[in-house]
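What follows is the residue order along each chain.
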Amino acid sequence: TITRWAQSMTKGGLKINQLNFSPTTKIALTSAIYFKGKWIYTFQKAQPGYFRTPNGDVRVPMMNMKRKFKWGKLENYAEWAAMPYESEDSLIIVLPNEGQSIDDVISKMDGSTLSGIISSSDSDSYNADVNITLPKFKMESTTNLVEPLQRVSLKIFSQ
């Protein structure tokens, strides 16, 4: 029942191994989190274009959108824009300035830089007309949450 429900609610995106529960089980905790972000603003239909990689340009479907976004500069090496989801979360895109590689940008960023971007994207920071062109993409990640959940449950039950 739990497996069918999870697959139904996530359109097959969340896969839970078949588990056997006793009839007296009142709660089941799965080590899974599912997030399917839906943009507040929609992209134009993807068109063929070129995406620049360290190994040269690659022809891929590119999606484009131009509108006001939260935006900022990282000193003289990059710019960022926050693209909001309906969930009030945002995808933050960092674009290296001309002549800067992504490795250069990463080496210059630290925790305080990231905190500054996140707090700016959550505040009434500067909005600018931004033209965003990205390759069409899908992100998927798997993380084992058993150990962190065990630590949390130990703290809860030891109090």
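See the structure shown above.
The tally for this structure, following the rule as stated, stands at three aromatic pairs. Seen in terms of ring centroids, tryptophan 39 and tyrosine 85 are 4.6 Å apart; in terms of plane orientation they differ by 10°. Their pairing is stacked. Of this pair, tryptophan 39 sits in the loop between α1 (2-9) and β1 (47-53) while tyrosine 85 sits in the loop between β3 (78-84) and β4 (90-96), and the two are 46 residues apart along the sequence. Neither tryptophan 39 nor tyrosine 85 differs from the other in exposure class; each is buried. When the ring centre of tyrosine 41 is taken as origin, the NZ or CZ atom of arginine 67, which lies over that ring, is 3.4 Å away.

Core analysis: the largest hydrophobic core is formed by 13 residues, its most contacted members being Trp39, Phe43, Phe69, Met83, Val130, Ile132 and Leu134. Only β2 (56-74), β3 and β5 (127-135) provide two or more residues apiece to this core. Per-element tally for this core: the top contributor is β5, with four residues. Apart from the residues within four sequence positions on either side, phenylalanine 43 is in contact with Met63, Asn64, Met65, Met83, Ile132 and Leu134. Of all hydrophobic cores here, the second largest spans eight residues; its members include Ala78, Val105, Met109 and Ile117.

A separate point is unusual backbone geometry. Here glutamate 75, not a glycine, exhibits a phi torsion of approximately 45°, which is positive. Its location among the elements puts glutamate 75 in the loop between β2 and β3. Here glutamate 75 falls in the exposed class, since its relative accessible area comes to 68%.

Cut-off values and rules
Residues numbered from 1 in each chain as written. Predicted model: local features only at pLDDT ≥ 70, side-chain atom pairs only at ≥ 80, totals over all residues. Heavy atoms only, no water. Phe/Tyr/Trp six-rings, centres within 6.5 Å; stacked < 30°, edge-to-face > 60°. Helix = DSSP H or I, 4+ residues; strand = E, 2+ residues; numbered from the N terminus. Buried < 20%, exposed > 50% of the residue type's maximum accessible area, 1.4 Å probe, protein only. Lys NZ or Arg CZ within 6 Å of the ring centre and 35° of its normal. Core = buried A, V, L, I, M, F, W, Y, C linked by side-chain atoms within 4.5 Å. Contact = heavy atoms within 4.5 Å.

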